[in-house]
Amino acid sequence: MLQVKNISFRYKTQPVLNNISFNVKEGEHFSIIGESGSGKSTLLKLLYGTYDLSEGQIFWKKKQILGPKYNLIIGPEFMKYVAQEFDLMPFTTVAENIGEFLSNFYPEEKQIRIKELLAVVELNDFANTKVKLLSGGQKQRVAIAKSIAKQPEILLLDEPFSHIDNFKKQSLRRSLFKYLKEKKITCILATHDKDDVLSFSDHMIVLHDNKIMASETPKSLYKNPKNKLIASFFNEFNDVNGDIIYANHIKLTEKSKLKAIVKECYYKGHYFLIEADLNGKSIFFEHDTDIKKSTIIFLEIIT
Ligand code: ADP
Ligand code: MG
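Per chain, the residues get numbers from 1 upward, laid out in the order the sequence is written. Working convention: letters from A go to chains and numbers from 1 go to ligands, in the order in which they are written. The predicted origin of the model limits local features to residues at a pLDDT of at least 70 and limits the giving and counting of side-chain atom pairs to 80 or more, whereas totals for whole chains, interfaces and linings rest on all residues. Side-chain calculation: all heavy atoms of the structure are included, whereas hydrogens and water are not.

## Digging into the UniProt feature "domain: ABC transporter" (unreviewed entry) in the protein chain
Using the following cut-off: UniProt positions are given in the numbering used here, feature names are shortened, and annotations may be inferred rather than shown by experiment. By the criteria applied, helices consist of DSSP H or I runs no shorter than four residues and strands consist of E runs no shorter than two, each listed in order from the N terminus.
The feature "domain: ABC transporter" (unreviewed entry), as given by UniProt, occupies residues 2-234 in the numbering adopted here. The span residues 2-234 is 32% helix and 25% strand, and its two end C-alpha atoms sit 27 Å from each other.

This is the structure in structure tokens:
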């Protein structure tokens, strides 16, 4: 188990994290979410031992993770960290980058392992391409493959798919997370994308105001978002008399107290997001078809 015990951290004077505690079980998929600047990257860096803590302790099993004051080389050997800005060797090939940490003592096994890793990140056709010729998203995939080459016990991923386009993202996400679960690699990721979390995470924490604002399973937070910040992470939502109601929980009905007038329709592929005026305030809901502007409608909330 990874145990984070009452840690606090400041870069200079401004506190970034204040008295943060949580545990991550072995093999668990754990997400850290929060607005930009809320300290997600800082927290991952602290887990990796990049900085000395102002207060608190971090343990993996019985080993304490310590900062640079206590270590010549940053980062414990059982852990790998893929930074938001990844660090690769530009003038060597994808295969050489991925294999950088693998021993040359068993060349055949090394080639098999590189092939397996290329498949996980779907870069089979780029094995012999020099990294400098790759797109940002492809480089990110090389960095991910490199980080799992020597099977770490814990993998820290900082917004791992942020440079990867939608064409690739969905299948890559499934392939990587399935691989990590199979190999029982504990995965802690910082993300702003609900799709990284909902289908994959066992647990999630929300950082806000230097603290953990929520710590639950994604399903329970989705079903019962405690506040607007959490709701906005998951979906378009409305504040109806103080209640947070997702746009997909409102639908048309024949007659109700919620009488509204359609203002805009946004095409979303398999549905339309309709914006309507309800007593002078916008209300958003999802609907199968578009609805003409100025149509008078009645809405009901489904729970
Ligand atoms: P997130 O990853 O959630 O966007 P960060 O952890 O990158 O947040 O940043 C948290 C806060 O710490 C921000 O206010 C940011 O400006 C500050 N910060 C981040 N890195 C440094 C640094 N190296 N030196 C000083 N302040 C930093
Ligand atoms: Mg960040």
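Now that the structure has been shown, we can carry on.
## A short note on the pattern of salt bridges
To be explicit about the condition: What counts as a salt bridge is simple: a side-chain nitrogen of Lys or Arg found within 4 Å of a carboxyl oxygen of Asp or Glu. The buried label goes to any residue with under 20% of its type's maximum accessible area, the exposed label to any with over 50%, and the partly exposed label to all in between, with areas taken from a 1.4 Å probe on protein chains only.
Applying the stated rule across the entire model yields 15 salt bridges. Residues Glu182 and Lys178 are paired through a salt bridge, measuring 3.7 Å at the closest nitrogen-oxygen approach. Residue Glu182 and its partner Lys178 are located together in helix H5 (residues 166-182), separated by 4 residues, close to a single helical turn. In this structure, Lys228 and Asp239 form a salt bridge, with 3.0 Å as the shortest nitrogen-oxygen distance. Of the two residues, Lys228 is situated in helix H8 (residues 228-234) and Asp239 in strand S11 (residues 237-240); the sequence distance between them amounts to 11 residues. According to the relative accessible area criterion, Lys228 is partly exposed, its value standing at 43%. Using a relative accessible area of 29% as the deciding quantity, one classes Asp239 as partly exposed. When salt bridges with common partners are traced through the structure, they connect Glu26, Lys61 and Glu153 into a single cluster.

## A few points about empty space enclosed by the protein
Test applied: Method remark: on a 1 Å grid restricted to protein atoms, a set of points is classed as a cavity if a 1.4 Å probe fits but cannot get out and as a pocket if it is open with protein on both sides within 12 Å along at least five of seven lines; lining residues have an atom within 4 Å of a point. Grid points are joined across faces, edges and corners, and a volume is the space filled by probe spheres set on the points.
A full pass over the atoms with the stated rule returns 1 cavity of 30 Å³ or more. Estimated volume of the largest cavity: approximately 40 Å³. Lining the largest cavity, in full, are Gly27, Glu28, His29, Phe177, Leu180, Lys181, Ile185 and Cys187. Here the lining of the largest cavity gets 3 residues from one element, more than from any other, and that element is H5.

## Side note on the sheet that holds strand S8 (residues 186-190)
Note the threshold: Here, a strand pair is defined by DSSP locating no fewer than two bridges between the strands. For helices, the fitted axis covers only the stretch in contact; all axes are lines through C-alpha atoms, and the angles between them, taken along N-to-C directions, range from 0 to 180 degrees.
If you trace the 6 strands from one edge of the open sheet to the other, you get S6-S7-S8-S3-S9-S10, paired in mixed fashion. Edge positions in the sheet fall to strand S6 (79-82) and strand S10 (211-216), since each of these pairs with one other strand and no more. Adjacent strand axes in the sheet meet at a mean angle of 15 degrees when their direction is disregarded. Of the strand pairs in this sheet, strand S3 (residues 29-34) and S8 are connected by 4 bridges, and their pairing is parallel. Directly across from His29, in S8, lies its bridge partner Cys187.

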